[in-house]
Amino acid sequence: MAQSPRYPDEIEIQPVRAPVDVEVAVPGSKSDTNRALPIAALADGTSVIRGALFSNDTHYMAAALNALGIHVTASREDRTFTVAGAGGSIPARSASLVIGNSGTTARFLTALLALGRGEYVLDGVERMRQRPIQPLLNALQQLGVDAVSIHGTGCPPVRIRANGLRGGHTRLDGRESSQFLSALLMVGPCTPDGLTIDIEGDLVSKPYVDLTASTMAAFGATLTNERYRRFVVPGEQRYRATEYQVEPDASAASYFFALAAVTGGRVRVPGLGSRSLQGDLRFVEVLERMGCTVEMTADATEVRGPERLAGIDVDMNAISDTAQTLAAIAPLASGPVAIRNVAHIRAKETDRISAVVTELRRLGVRVEEMPDGLVVYPSPVRPGRVETYDDHRMAMSFAILGCATPGIRIADPGCVAKTFPEFWDTLAAATAGVR
Ligand SMILES: O=C(O)C1=C[C@@H](OP(=O)(O)O)[C@@H](O)[C@H](O)C1
Ligand SMILES: C=C(OP(=O)(O)O)C(=O)O
C-alpha cells in the first residue's frame, strides 16, 4: 500500500516556544489489533474488534485474512473490524499474500497458514526480504510442516505447503524476535495435540508474549509460560468469538511522553494505564529515571518534564520500539545516555542502531555505536535534514527532537503510515498553542 500522497518530500518541524500542556489521544495498538485479527479469524463465530488501529500494518493483516477466505470488514470511522471466524480452519486452498513490511503480519500468518490445507506464498517489500523468519520456519519444520524461505535466504518470500497441523514439541530460537513465538502460541489452541515450545537462547521483547497470552485469553484460550523457557499450549481449545476492545498504542504514546520531557511540559494519554500489558508503556519509567514526574492511574498516564533531563544507562531489550524515541532526545540530556541490549533492532524496518547513529551524527551529535546499542553524549544539535529509511519510528522520534531544537527537517514524513497515519496532525494539535 502506498504511503499517503498528501505528504511532501520533507517536513520542517517548528520548535515549541513554551512547554506543552495537553491531553493526547493516540490510535489503537498495532500489536493488539494484529493479534485480535488473526485470533478472531480462528474463532467460532463473528467477533467485533473496537478501537482498532487503521494503518498500513493492520491493512495488510486484514487484507491477507480476506484473501484466505476469512471475511473481515472494516469501518474506519468507527475504528472497528468485524471478523467472521472460520473456526480454526483456513478456507482458501491457495493464496499469494502481500504483507508489505509488517513483521507481525509476516510472522503471525506464516504460522497460521500451517493450519491450512493447500499451498500458500507470503511476500513483502524489499526490506521484508531482509528480515529473518528462518527460526519460525525451523520450528514449523520440526512440527512436520513444509515451510521454506523460497530463495534460501532465511527471509521472505515464504512458501507453505500445509496439510493441517497436529501439534507436538518444537524448539524455537528466541534471540532475534518474539514474534516467532507469538505466532506459534496463537495457532496452538487449534491443533489436536497442542504445542510444547522450548526456547533456545534468550528470548527478546518478552512483554509482547504476555500480550499474546492475554489476547488469546480474551478469546477463551489458555497457555502456560514456564519462565519464558518453555511454553505449553493445550490442543483442541476453541477460540470463542468476542467483542474485543483494543488499547491505545503505547509505542505511539512514547513520542508524546517524550514531548513533555523535552519541553518541560505535561502530556496526559488517556486509555493507557497500570492495567495495560503493553511493555512500551514502561518507557515512562525510563523518563522518570531521567527526572520526569510520572502519574499513572488504572487507565491514564501523565508525564511532566523536568527543567533538564538527566543522562541514563538503560537496557531496552524489552521495550525496543522506544529505543529510537530515547536516542533522538538524548543529546538534550545533561549526561550520556546509554541504550543497551537491543541488537535485535538491527533487523527491523531498517538497521535502527546504525540509522540513529548516522542521523544523530549528521546533526553534529557525538555518538558511540556498539554492537547491541549506542551511547549519546550531551551535544548542541545543529539544523539539518534527517533521513528516515522508510522507518516510521525514525520520523516520529526525530520530530520530537525537532520540537525542542530549531531547523530539523524530516525526510519522507509519509512513512508514519505504517503504524500512525495521523501522527503529524496529532503532533500539530498537541503543540498548537505553543508554536
Ligand atoms: O509482537 C509484536 O506485536 C511486536 C514485537 C516486537 O518485535 P520483536 O519481537 O521482533 O522485537 C516489536 O518490535 C514489534 O513492533 C511488535
Ligand atoms: C518493528 C516494528 O514493526 P514490525 O516488526 O511489526 O514490522 C515496529 O513497529 O517498530
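What you see is a predicted model, and the numbers here were worked out from it, not measured in a lab. (Residues numbered from 1 in each chain as written. Chains lettered and ligands numbered in written order. Predicted model: local features only at pLDDT ≥ 70, side-chain atom pairs only at ≥ 80, totals over all residues. Heavy atoms only, no water.)

If you tally the helices and strands in the protein chain, you get twelve helices and 23 strands. A compact globule built from 435 residues would reach a C-alpha radius of gyration of about 22 Å, and the protein chain, at 21 Å, matches this within 12%. For the protein chain, the spread of C-alpha atoms along the three principal axes comes to 60 × 40 × 40 Å. Here the protein chain displays about 15,500 Å² of accessible surface, and carbon together with sulfur accounts for 47% of that area. (Helix = DSSP H or I, 4+ residues; strand = E, 2+ residues; numbered from the N terminus. Rg over C-alpha atoms; globule rule 2.2 N^0.38 Å. Areas by Shrake-Rupley, 256 points an atom, 1.4 Å probe, with all protein chains shown as cover.)

Running from N to C, helix α4 (residues 134-142) and helix α5 (residues 179-187) cross one another at 35 degrees; their axes reach a closest spacing of 9 Å. When the axes of α4 and α5 are compared, the crossing they make is right-handed. Counted together, Pro-135, Leu-136, Ala-139 and Leu-140 of α4 and Phe-180, Ala-183 and Leu-184 of α5 form the full contact between these two elements. Classifying every residue of the contact of α4 with α5 gives seven nonpolar, no polar and no charged. (Axes fitted to C-alpha atoms, helices over the stretch in contact; angles between N-to-C directions. Left-handed = near helix turned anticlockwise from the far one by under 90°. Contact = heavy atoms within 4.5 Å. Nonpolar A, V, L, I, M, F, W, Y, C, P; charged D, E, K, R; others polar.)

Segmentation of the protein chain into domains returns domain 1 (10-27 + 249-434) and domain 2 (30-231). Measuring from the centre of the C-alpha atoms in domain 1 to the corresponding centre in domain 2 gives 29 Å. Every contact between the two is made by 25 residues of domain 1 and, on the other side, 22 residues of domain 2. Roughly 1,800 Å² is buried in total at the junction of domain 1 and domain 2, and carbon and sulfur atoms are behind 47% of that figure. Where domain 1 meets domain 2, there are two salt bridges. Across the side of domain 1 that touches domain 2, the residue classes tally to seven nonpolar, eight polar and ten charged. (Domains from an automatic or database assignment. Buried area = accessible area lost by both parts, 1.4 Å probe. Salt bridge = Lys/Arg side-chain N within 4 Å of Asp/Glu carboxyl O.)

On to the sheet that holds strand β8 (residues 146-149). Strand order in the open sheet formed by four strands is β6-β7-β9-β8, and the pairing between neighbours is mixed. One side of each edge strand has no neighbouring strand; the edge strands of this open sheet are β6 (94-98) and β8. Shown here is a sheet whose adjacent strand axes are inclined to one another by a mean of 10 degrees, direction ignored. The strands touched by helix α3 (residues 103-113) within the sheet are β6, β7 (117-123) and β9 (158-163), with β7 carrying the most contacts at an inclination of about 170 degrees. Contacting β8 and β9, α4 runs over the sheet at an angle of about 160 degrees to β8. (Pairing = 2+ DSSP bridges.)

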